[in-house]
Amino acid sequence: MSRTNAARGSTDDLIAEGFAKQRAHRREFEAIAPEERRRWAERAVRTLARRLREENPGYARLYETASDSLQLPVLEKSRLGASFDEFAAGTGATRASMTAFAAKPFSLGSRLDTKHLAFSSSGSSGEPLPVLHHVRDFGRSLEAFVARGVRGARPGAERLLYIGLLDRHNGGNAWMYYLGGHLDVVLADVFAEPASLLDVVGEHRPDVVLTRPHLLRALAAAAAERGVALPQAHLLSVGEGLQPEQRREITAGWGSPPHNSYSTVETGPLGYQEDPALDELTVYDDLHLVELLDAGGVPVTEPGVPGRLVVSTLYRDVLPLIRYRVGDVASWRNAELTRLSFPHGRDTTVVRLSCSGGVMEMPELPLWSIVVPGVRQYQVVQTGPDSLLVRYEPSGTSSSTTGAALRDAVFAKLAGQSCDNGVRVTTELVPALLPDRVSGKIKRVIPWLPQR
């Protein structure tokens, strides 16, 4: 059954305070010479870390063996989750209180208490993490997103349509709901039928549309089938990797190209694509210090070299994250370290394959980066210890040899991981890949779970 569940966004005094605080901060930040801004952020992180070591039991334990002369240790998601109550000390929030809150009936705009928003991460890179934001801090991240990610490209934007998860405590719907103080926002359900969503687009006529790339394409297809024109909107693609064939079809259907927008529920907005012709993200350097680390924990500063994303949130007064390791791998696009590549994927190990040389653990990262003409998007499903099924959607340039080319590309990736024999790979053409019901995203790699 189709579910639209459109709802209007809202705002309040604490959010408005956050807007004002971020605008003042941005004015001060822009007074710093561009070449000095990263050093300013590095000093701010060290100052904040020293304060947290004295005031916060979670950071006190994390830093108990660190000295000012050494690099600050990385905060792992598992550490933050296991010791959440220590890191959240002084807020009044605990893992137990957040679990109880999440079990209550959901409504847009609901809060843990008068000052705090609570939800959980999607669990894409492991166990879902309790996430706590002070409402004022939340407003700061919203102001930065609108000023740079929205009005930087569309200065006169007034109406925004968000299509995402509306039935649970989720960072995405909270960000969009509280944008109501900036824009006329309508929120719609990611699982609704494209025809229903097209009705919402027709009624709202948004200047900005923010949703998953598969829905941007599906809306374009639904509009073509109905014979109606889509509005000339600024398109923000979030939550999934945007494939080249998807970009081509979205651009053709909407008359304008999609821009990638990158964020995590724990950190807030991280990067936005200024130029749709360049596959790079401008970092929200007024909100964060972003680092890339190699496998040994050494900072990566050379453009083009992959590294694991590490984020320090400089805009949060409550529960700031210092050198928090995100699950994504990316690379710098410039020597000034202000522009990131799109995320290459995750380096968390998720697939155990029986190859000719024995069982090996393979990260999902290499399987994310396959590009084959005629494939709009694909999904790798492990169907057994030594077998992979690759489901794919055909694009307009697909041919009878597309499936074989995709299979060969997967074999090449396996060989690059020293698994060049013993694994069976089959392909399956499907009309559309379905989003995961938990995250609302189309999962790229699904590991095999043995029956017990």
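Preceding this paragraph is the structure being described.
A brief look at the structure comes next.

What counts and how
Residues numbered from 1 in each chain as written. Predicted model: local features only at pLDDT ≥ 70, side-chain atom pairs only at ≥ 80, totals over all residues. Heavy atoms only, no water. Phe/Tyr/Trp six-rings, centres within 6.5 Å; stacked < 30°, edge-to-face > 60°. Helix = DSSP H or I, 4+ residues; strand = E, 2+ residues; numbered from the N terminus. Buried < 20%, exposed > 50% of the residue type's maximum accessible area, 1.4 Å probe, protein only. Disulfide = S-S within 2.5 Å. Core = buried A, V, L, I, M, F, W, Y, C linked by side-chain atoms within 4.5 Å. Contact = heavy atoms within 4.5 Å. Pairing = 2+ DSSP bridges. Axes fitted to C-alpha atoms, helices over the stretch in contact; angles between N-to-C directions. Parallel < 35°, antiparallel > 145°, perpendicular 65-115°, else oblique. Nonpolar A, V, L, I, M, F, W, Y, C, P; charged D, E, K, R; others polar.

## Quick look at the packing of aromatic side chains
The geometry of an aromatic ring pair comes down to the distance between the two centres and the angle between the two planes.
And step 1. For the structure shown, the criterion picks out nine aromatic pairs.
And step 2. With a centroid separation of 5.6 Å and 75 degrees between ring planes, the pair formed by F29 and W40 is classed as edge-to-face. Placement of the pair is F29 in helix α1 (residues 13-30) and W40 in helix α2 (residues 37-55), with a sequence separation of 11 residues.
And step 3. Judged by relative accessible area, which is 1%, F29 ranks as buried.

## Some remarks on the state of the cysteines
And step 1. A complete count under the given rule lists one disulfide for this structure.
And step 2. Covalently, C355 is tied to C419 through a disulfide, its sulfur atoms 1.9 Å apart. Here the disulfide of C355 and C419 is left-handed, its torsion about the S-S bond being about -100 degrees. Here C355, found in strand β16 (residues 349-355), pairs with C419, found in the loop between α13 (402-416) and β20 (424-429); they are 64 residues apart in sequence, far enough to count as distant.
And step 3. Classification of C419 as buried rests on a relative accessible area of 3%.

## Notes on the nonpolar core
And step 1. Y59, L75, L309, I322 and L340 are the most contacted members of the largest nonpolar core, which totals 43 residues.
And step 2. Elements that contribute at least two residues to this core include exactly α2, α3 (57-62), α5 (84-87), α6 (95-102), β10 (280-283), β11 (288-293), β12 (306-313) and β13 (324-331).
And step 3. Ignoring anything within four residues of it in the chain, the contact list for L340 reads D279, E280, L281, V283, V290, L292, L309, A330, S331, W332 and R333.
And step 4. By size, the runner-up hydrophobic cluster in this structure holds 35 residues, among which are A144, Y177, L187 and V265.

## Quick word on the sheet that holds strand β19 (residues 387-394)
And step 1. In space, the four strands of this open sheet follow the order β20-β19-β18-β21, with mixed pairing throughout. Looking at strand neighbours, the two that pair on one side only are β20 and β21 (445-446), the edges of this open sheet.
And step 2. Where strand β18 (residues 375-384) meets β19, eight bridges bridge the pair, whose relative direction is antiparallel. Each bridged residue has a counterpart across the sheet, and for G384 the counterpart in β19 is S387.

## Structural notes on the sheet that holds β11
And step 1. Strand order in this open sheet of four strands is β11-β12-β13-β15, and the pairing throughout is antiparallel. Either end of the sheet is taken by a strand with one partner, and the two such strands are β11 and β15 (345-346).
And step 2. Here five bridges tie β12 to β13, and the two strands are oriented antiparallel to one another. Along β13, the bridge assignment pairs R308 with V329.
And step 3. Docked against the sheet, α2 engages β11 and β12, running at close to 95 degrees with respect to β11.

## Notes on the packing of helix α9 (residues 194-204) against helix α10 (residues 213-226)
And step 1. Contact pair α9 / α10: the axes reach a minimum separation of 9 Å and the direction vectors enclose 85 degrees. Taken together, the axes of α9 and α10 lie roughly perpendicular to each other. Residue-level contacts link P194, A195, L197, L198, D199 and V201 of α9 to L215, A218, L219, A222, A223 and R226 of α10.
And step 2. Its residues assigned to classes, the contact of α9 with α10 comprises 10 nonpolar, no polar and two charged.

## Considerations on the pairing of β13
Every other side chain in a regular strand lies on the same face of the sheet, so the side chains alternate between the two faces.
And step 1. Burial analysis of β13 places eight of its eight residues in the buried class, which makes it a mostly covered element.
And step 2. With two bridges joining them, β13 and β15 adopt antiparallel strand pairing. Within the sheet, the bridge partner assigned to D328 lies in β15 and is R346.

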